[in-house]
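# Observations on the model geometry
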Amino acid sequence: QVQLVESGGGLVQAGGSLRLSCVASGRTFSNYVMAWFRQAPGKEREFVAAISRSGGITSTGKSVKGRFTISRDNAKNTVFLQMNSLKAEDTAVYYCAGRQGPGTSDSELRYDYWGQGTQVTVSS
């Protein structure tokens, strides 16, 4: 089992930045592909970004490309999401997810472990 705990959410004005963190415990963190998803009220969960086990490969969802960056620190069992140029439509609960496997995926069905989520609210 892997336990994931997100932090760093909050209220920010449009155009601002936030950095989310997700700390993992329970298993060898470097064995897991990690990702961020988000879910806004009344909408389906949406892929945001994913990162390979070594951190050498990343993928980003179309709606956040060029604004959000995913990274990881395997020594600290932590994955990050740097969010810049935030927009009101980025308002959502952001979830950290993990999976064992060789590659990143944008499908939530491929991820076995999930955090509780952290709220991000962007005011316009």
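Scroll up a little and you will see the structure.
How each quantity is defined
- Residues numbered from 1 in each chain as written.
- Predicted model: local features only at pLDDT ≥ 70, side-chain atom pairs only at ≥ 80, totals over all residues.
- Heavy atoms only, no water.
- Helix = DSSP H or I, 4+ residues; strand = E, 2+ residues; numbered from the N terminus.
- Rg over C-alpha atoms; globule rule 2.2 N^0.38 Å.
- Buried < 20%, exposed > 50% of the residue type's maximum accessible area, 1.4 Å probe, protein only.
- Contact = heavy atoms within 4.5 Å.
- Areas by Shrake-Rupley, 256 points an atom, 1.4 Å probe, with all protein chains shown as cover.
- Lys, Arg positive; Asp, Glu negative; His and termini not counted.
- Charge placed at Lys NZ, Arg CZ, Asp CG, Glu CD.
- Salt bridge = Lys/Arg side-chain N within 4 Å of Asp/Glu carboxyl O.
- Pairing = 2+ DSSP bridges.
- Axes fitted to C-alpha atoms, helices over the stretch in contact; angles between N-to-C directions.

### A look at the overall build of the protein
When you go through the protein residue by residue, the secondary structure sums to zero helices and eleven strands. A compact globule built from 124 residues should have a C-alpha radius of gyration of about 14 Å, and the protein, at 13 Å, falls within 12% of that. Projected onto the principal axes, the alpha-carbon positions of the protein cover approximately 40 × 25 × 25 Å. Considering the protein as a whole, with its 124 residues, one finds that 43% of them fall into the buried category. Considering only contacts in the protein between residues 6 or more positions apart, those separated by 24 or more positions represent 59%. When the accessible surface of the protein is totalled, it reaches about 6300 Å², and 45% of it is carbon and sulfur. If the 14 positive side-chain charges of the protein are averaged to one point and the 9 negative ones to another, these points end up 5 Å apart.

### Quick look at the pattern of salt bridges
According to the stated counting rule, one finds three salt bridges in the structure shown. A salt bridge links Arg38 to Glu46; its shortest N-O distance comes to 2.8 Å. A relative accessible area of 5% means that Arg38 is categorised as buried. Its salt-bridge partner being Asp90, residue Arg38 comes within 2.9 Å of it at the nearest N-O pair.

### Side note on the sheet that holds strand β7 (residues 68–73)
Within the open sheet, the four strands sit side by side as β1-β3-β8-β7. Their pairing is antiparallel. Edge positions in the sheet fall to β1 (3–7) and β7, since each has one partner strand and no second. Adjacent strand axes in the sheet meet at a mean angle of 15° when their direction is disregarded. With six bridges connecting them, β7 and strand β8 (residues 78–83) associate as antiparallel partners. Each residue of the ladder has a partner; that of Thr69, found in β8, is Gln82.

### So, unusual backbone geometry
One non-glycine residue, Asn77, lies in the positive phi region at around 55°. What makes Asn77 partly exposed here is its relative accessible area of 26%. Even without glycine at this site, Ser85 takes up a positive phi of about 50°.

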